[in-house]
Amino acid sequence: MASALINVPKKAKRGDVIEIKTLMSHIMETGFRHTATGELIPRDIITSFSCRYNGEEIFRADLFPAISANPFIAFFTTATESGTFEFSWIGDRGFSETASASIIVE
Amino acid sequence: MRWIGTIALATLLNVACVPFLFAVEIPPDQRRSGFSFMAPDNQAIQNDDTANPGMLWVLDGEALWKSKIGAADKSCADCHNDASSSMRGVAARYPAFDTKPGRPVNLEQRINLCRADHQQATPLAYESRDLLALTAFVAQQSRGMPIEAGADPQLEPFVAKGRELFMRRQGQLNLSCANCHDDNWDKRLAGSAVTQGHPTGYPLYRLEWQSLGSLQRRLRACIFGIRAQPYDIGAPELVELELYLMSRARGMPMETPAVRP
């Protein structure tokens, strides 16, 4: 099943500021809601997101219950060299997903 | 002088009441997709396939299209091959007439009929992730194509029934669909645009739902809003209403998977 949508430019000039957009499939259950019979629905959210650029961490975010389902995270970085972006999402109930995208820097 | 004033007031009230008594259908050149009522930020989400959460369902649907299921151990692709050619324009013609039940079926029902008849698999529940995913994947193949639903002459009585339901006042608020979506689509309701109610992008991702949902889910929410008893999902009345709405939007381009607030 598909879980992540990643948008990284395929090519960039060295020194360019590029936008990276990520979308992860997740219900982001807050832990504050109840079922029709009154039982608490346990929290099930992504708690952490990080991005590595050729092994070096360039972006990290902590996520909380108020963040909507299927979190969309976009950020900017400087294209320094050709290589790979590795994305990682970690959450409740052992949730762990990864994705990667490559870029050519000229 | 008093009676002249009374007549003037009565005439004024009459004039003010006319739009509510006789729903005026929207002329074709004034029809607008719900997309055009949205803020630019929300439009940007729909326009970018890597930001549109509806694409998560489309990609799931693509995987389901290729997976073998049921006692027949067949996938959708085993009969229909490449969806990008075989399913192109199909969703733009739904709900369509089906000879077996002798009435229109919507795209979700068509998928479940196909599962039962050809894959010998159990039907998928309405609004389940798998059914929404397959529907979104099939409907996305028609993106940009004009809606053609309701052209089949066999559908005529069912379009008429759907139109009758659209025009009928119901619920504690005693409102018809037309009272808002034909007569007052240029106004706002509690800060939100009323819109013309053209189902161009279903199944679509509603930010309010935080999920993809079907047109019938949306119709039920509207019926609940006028404090009437909603029909069950899959009910013939909702399929007829769906059919009328699609025929009312004939010629408008498909947007599946759309994004709406």
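The structure this text deals with has already been given above.
In short, a report on the structure. (Residues numbered from 1 in each chain as written. Chains lettered and ligands numbered in written order. Predicted model: local features only at pLDDT ≥ 70, side-chain atom pairs only at ≥ 80, totals over all residues.)

**Observations regarding the overall build of chain A**
Along its length, chain A carries 0 helices and 8 strands. Each helix and strand of chain A, placed in order from N terminus to C terminus, yields the pattern β-β-β-β-β-β-β-β. A compact globule built from 106 residues should have a C-alpha radius of gyration of about 13 Å, whereas chain A, at 16 Å, is more than 25% larger. Overall, the C-alpha framework of chain A stretches about 60 × 20 × 20 Å when taken along its three principal axes. Scored against the burial criterion, the 106 residues of chain A give a buried share of 18%. The long-range fraction of contacts in chain A, counting pairs at least 24 apart against all pairs at least 6 apart in sequence, stands at 57%. (Helix = DSSP H or I, 4+ residues; strand = E, 2+ residues; numbered from the N terminus. Rg over C-alpha atoms; globule rule 2.2 N^0.38 Å. Buried ≥ 20, exposed ≤ 12 C-beta atoms within 10 Å, placed from the backbone. Contact = placed C-beta atoms within 7 Å.)

**Here we look at the interface of chain B and chain A**
At the junction of the two partners, chain B supplies 10 residues and chain A supplies 12 residues. Among the residues making up the side of chain B that touches chain A, the classes are represented as 6 nonpolar, 3 polar and 1 charged. (Nonpolar A, V, L, I, M, F, W, Y, C, P; charged D, E, K, R; others polar.)

**Some details on the nonpolar core**
All names here are of chain B. Judged by nonpolar contacts, the single largest core of 56 residues is most densely connected at W57, A91, A133, L134, A136 and L243. In terms of residues, this core owes the most to one element, helix α7 (residues 129-140), which gives 8 residues. If you count residues domain by domain, this core takes at least three from each of domain 1 (32-39 + 146-260) and domain 2 (54-140). Among all residues touching A133, those that are not within four sequence positions of it are W57, D60, G61 and L64. (Core = buried A, V, L, I, M, F, W, Y, C linked by C-beta atoms within 7 Å. Domains from an automatic or database assignment.)

**As for the sheet that holds strand β3 (residues 17-24) of chain A**
Residues and elements named next belong to chain A. Across the sheet, 3 strands lie side by side as β1-β3-β6; this open sheet has antiparallel pairing. The strands lining the two open edges of the sheet, one partner per strand, are β1 (4-7) and β6 (72-78). Averaged over neighbouring strand pairs, the angle between their axes works out to 15° when direction is ignored. (Pairing = 2+ DSSP bridges. Axes fitted to C-alpha atoms, helices over the stretch in contact; angles between N-to-C directions.)

**Notes on the environment of P95 of chain B**
Residues and elements named next belong to chain B. Residue position: P95 is located in the loop between α5 (83-86) and β1 (96-98). In sequence terms P95 and M254 are 159 residues apart; their C-alpha atoms lie 14 Å from each other. Every residue in contact with P95, bar those within four places of it in the chain, is listed here: P104, V105, N106, A149, V239, E242, L243 and M246.

**Considering the packing of helix α3 (residues 54-66) of chain B against α7 of chain B**
All names here are of chain B. Look at α3 against α7: their axes get within 7 Å of each other, and the N-to-C directions meet at 95°. It follows that α3 is roughly perpendicular to α7 by the angle criterion. Between α3 and α7, the residues in contact are G54, W57, V58, D60, G61, E62, L64 and W65 and D130, L132, A133, L134, A136, F137 and Q140, respectively. Among the residues forming the contact of α3 with α7, the class breakdown is 9 nonpolar, 3 polar and 3 charged. (Parallel < 35°, antiparallel > 145°, perpendicular 65-115°, else oblique.)

**Some thoughts on helix α10 (residues 215-225) of chain B**
Residue and element names in this part refer to chain B. Those residues of α10 that fall on the buried side of the exposure criterion are L215, Q216, R217, L219 and I223. Of the surrounding secondary structure, the elements contacted by the buried residues of α10 are β6 (211-213) and α11 (236-248). One or two steps after α10, the chain reaches R227, where phi turns positive at roughly 60°.

**Considerations on the sheet that holds β6 of chain B**
Residue and element names in this part refer to chain B. Strands sit in the order β6-β5-β7 across an open sheet of 3 strands; the sheet is mixed. Across the chains shown, the open sheet's two edge strands, defined by having one partner strand only, are β6 and β7 (259-260). Note: strand β5 (residues 204-206) against β6, 3 bridges, orientation antiparallel. Across the sheet, residue Y205 finds its bridge partner in β6, namely L212.

All quantities given are derived from atomic positions and should not be read as evidence of function.
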